[in-house]
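Take a look at the letters that make up each chain.
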Amino acid sequence: MRWGVVTFPGSLDDSDTTYALGRVLGEQVTPLWHKDRSLQGVDCVVLPGGFSYGDYLRPGAIARFAPIMAEVVRFARDGGLVMGICNGFQVLCEAGLLPGALIRNRSLRFVCTQTVVRVEEAETPFTRACRQGDLLRLPIKHGEGCFVAAETVLQQLEEERQVVLRYVDAAGRVTDEANPNGSLNNIAGIVNRTRNVFGLMPHPEYACESAIGGEDGARLFRSIRTTATGGSAVLAASVPSGL
Amino acid sequence: MRAKVYVTPKTGILDPAGKAIERSLHSLGFAEVHGVRLGRYVEMEIDSEPAKAAARLDDMCRQLLANGVIEDYRFEIGEEKGDER
C-alpha cells in the first residue's frame, strides 16, 4: 500500500510522519504538496500536525481550501481512508469531513505532554490492531485541542460509536484530571459515520520508537495497513500521476 | 464600500479566553463586568453592487470567516470608505 502525507505551508509534522511511516515502519510514502490536484493513487491520506497557514483565522480554516483538499474530500466521500493528526484533525473538521470543532485548550496553555488514551472502538480501519479498552500512550502538543460539538452531535457520536479514542488516566478511567485540554467527554479521536475518516489530537507518529517514548502509535498505523491490504479495504481509485 | 464583520463564540461554547479577560478585569477593579466573550473582527472594502454585497458577505462568513459549529456572525455594510470612529 502507499501512504500520502500532505504538506501545507506551515505543516510541521509532515516529515516526522513520513519518517515514522517510511523509515521506522518500512511503508511506502508519497509526499503530497498542498497545490497538487492528484493523490497519485495512494491508499491512505494523512493530514499531518503543525500550524498550516500559521493557524490564521482558525487552525485549519484556510488549509481546507488548499487545492489538494478538493481531492481529499472526493477521496473521502468515495470511501478512501483519511487520517488527520492534530492540525490535520482541525482541517478535517473545518472541511466538514468530521463533525464538531477544535477550540482553544481550556487552560489557555499550549500543552506538550504524554497522554494515555483508551481505545473505545476497535472495529475501525484505524484501530483494528487494537482491542477495545486498550490503553495507548501517545504524546500531545497543541494549543487548540479542545473538542466541542453541539449536544445532539455529541450524543450521536457516542450512540453511533464514532468516538474512537478517549483521554484516560493511567488506570484507564475517564477523569477530568486526565483531560489535557477540556475536550467534551474526554474525546481524543473520532471517526465519521462511514468510519473511513479519522481525526485525533495525539501524535502516533511520535510513538513508533521505544527510544523516544513508546511504540503504541505504530498500532494505529499497522491497523490502517491491515485494512488497506486486506480484503475489506476500500482502495482509492487509481489516478495516474502527473494529472 | 466598507464592511465590518463580527464573529463571536456561540453561547454555550466554552470560552476560556473570555473568562481569563473577565478575571483580569475583575482584578483591575472592574467588578461590574460579567459574561465576557472574546470574538473576532474583520473589516474589508467590498467592490460589489450594494444589492449583492450582503449576500456575498454572508457567503464569505459561512465559508471562511466564521465556523458555524462554534461561532455566530453579523456584519455591517457601510456607505463609504473612512466611515469609522
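Refer to the preceding data block for the structure.
Described in the following lines is the structure provided in the data block. (Residues numbered from 1 in each chain as written. Chains lettered and ligands numbered in written order. Predicted model: local features only at pLDDT ≥ 70, side-chain atom pairs only at ≥ 80, totals over all residues. Heavy atoms only, no water.)

We now examine helix 3 (residues 87-94) of chain A. Residues and elements named next belong to chain A. Most of helix 3 sits inside the fold, with 8 of its 8 residues counted as buried. Among all positions in helix 3, only Asn87, Gly88, Phe89, Gln90, Val91, Leu92, Cys93 and Glu94 are buried. Gly96 lies just past helix 3 and shows a positive phi near 75°. (Buried < 20%, exposed > 50% of the residue type's maximum accessible area, 1.4 Å probe, protein only. Helix = DSSP H or I, 4+ residues; strand = E, 2+ residues; numbered from the N terminus.)

Phe8, Val45, Ile68, Met69, Phe147 and Leu165 of chain A are the most contacted members of the largest nonpolar core, which totals 65 residues. Setting aside residues no more than four positions away along its own chain, Phe8 of chain A makes contact with His34, Leu47, Ser52, Tyr53, Ala63, Ala66, Ile68, Met69 and Val91 of chain A. Met44, Ile46, Leu57 and Cys61 of chain B belong to the second largest nonpolar core, which has 9 residues in total. (Core = buried A, V, L, I, M, F, W, Y, C linked by side-chain atoms within 4.5 Å. Contact = heavy atoms within 4.5 Å.)

This next bit is on the sheet that holds strand 1 (residues 2-9) of chain B. Each strand in a sheet pairs with its neighbour through backbone hydrogen bonds, running either in the same direction (parallel) or in the opposite one (antiparallel). Residue and element names in this part refer to chain B. Sheet architecture is open: 3 strands sit in the order 2-1-3, paired in antiparallel fashion. The open sheet has two free edges, formed respectively by strand 2 (40-45) and strand 3 (71-77), since each of these has just one partner strand. Sheet twist, expressed as the mean angle between neighbouring strand axes with direction ignored, is 15°. Note that strand 1 and strand 3 share 7 bridges and pair antiparallel. The partner of Tyr6 across the bridge, within strand 3, is Arg74. The strands that helix 2 (residues 50-65) touches are strand 1, strand 2 and strand 3; relative to strand 3, the one it contacts most, it runs at about 150°. (Pairing = 2+ DSSP bridges. Axes fitted to C-alpha atoms, helices over the stretch in contact; angles between N-to-C directions.)

Here the focus is the sheet that holds strand 1 (residues 2-7) of chain A. Residues and elements named next belong to chain A. As summarised here, the arrangement of the 9 strands in space is 2-1-3-4-11-10-9-6-7, forming an open sheet in which the pairing is mixed. Only two strands of the sheet have a single neighbouring strand rather than two, namely strand 2 (28-33) and strand 7 (135-142). Neighbour-to-neighbour, the strand axes of this sheet turn through a mean angle of 25°, independent of strand direction. Here strand 9 (residues 163-168) pairs with strand 10 (residues 187-191) via 3 bridges, running antiparallel. In the strand pairing of strand 10, Leu165 is matched with Gly189. Sheet strands in contact with helix 1 (residues 14-24) are strand 1, strand 2 and strand 3 (44-47), and its direction is about 165° off that of strand 1. Along the sheet face, helix 5 (residues 216-229) touches strand 1, strand 3, strand 4 (81-85), strand 7 and strand 11 (197-200) and points at about 105° away from the line of strand 7.

Each partner contributes to the interface: chain B provides 14 residues, whereas chain A provides 16 residues. Carbon and sulfur atoms supply 70% of the area that chain B and chain A bury against each other, a total of about 1,200 Å² over both sides. Of all residues in chain B, Leu14, Pro16 and Leu64 of chain B bury the most surface against chain A, accounting for 37% of the area lost on that side. Between the two partners, chain B and chain A, sit 1 salt bridge. As a salt-bridge pair, Glu71 of chain B and Arg58 of chain A come within 3.7 Å of each other at their nearest N and O atoms. Here chain B is connected to chain A by 5 residue pairs in polar contact (both at pLDDT 80 or more). Of all the secondary-structure elements, those providing two or more residues to the side of chain B that touches chain A are helix 1 (16-27) and helix 2 of chain B. Looking at the side of chain B that touches chain A, its residues break down into 10 nonpolar, 2 polar and 2 charged. (Buried area = accessible area lost by both parts, 1.4 Å probe. Salt bridge = Lys/Arg side-chain N within 4 Å of Asp/Glu carboxyl O. Polar contact = N/O pair within 3.5 Å; in protein donor to acceptor, adjacent residues only side chain to side chain. Nonpolar A, V, L, I, M, F, W, Y, C, P; charged D, E, K, R; others polar.)

A surface patch of nonpolar side chains, amounting to about 290 Å² of accessible area, comprises Leu12, Phe51 and Phe110 of chain A. Looking at the element boundaries, Leu12 of chain A is found in the loop between strand 1 and helix 1. (Patch = residues over 30% accessible without salt bridge, like charges linked within 9 Å, V, L, I, M, F, W, Y side chains within 5 Å. Areas by Shrake-Rupley, 256 points an atom, 1.4 Å probe, with all protein chains shown as cover.)

Here we take up the pattern of salt bridges. Summed over all chains, the structure comprises 23 salt bridges over all chains. The residue Arg161 of chain A makes a salt bridge to Glu121 of chain A at a minimum N-O spacing of 3.0 Å. Of this pair, Arg161 of chain A sits in the loop between helix 4 (151-159) and strand 9 while Glu121 of chain A sits in the loop between strand 6 (111-119) and strand 7; the two residues are 40 residues apart in sequence, bridging distant segments of the chain. Relative accessible area serves as the criterion here: at 42%, Arg161 of chain A is assigned to the partly exposed category. Glu76 of chain B is the partner of Arg74 of chain B in a salt bridge, and the nearest nitrogen-oxygen pair spans 3.7 Å. When its relative accessible area of 36% is taken as the criterion, Glu76 of chain B is described as partly exposed.

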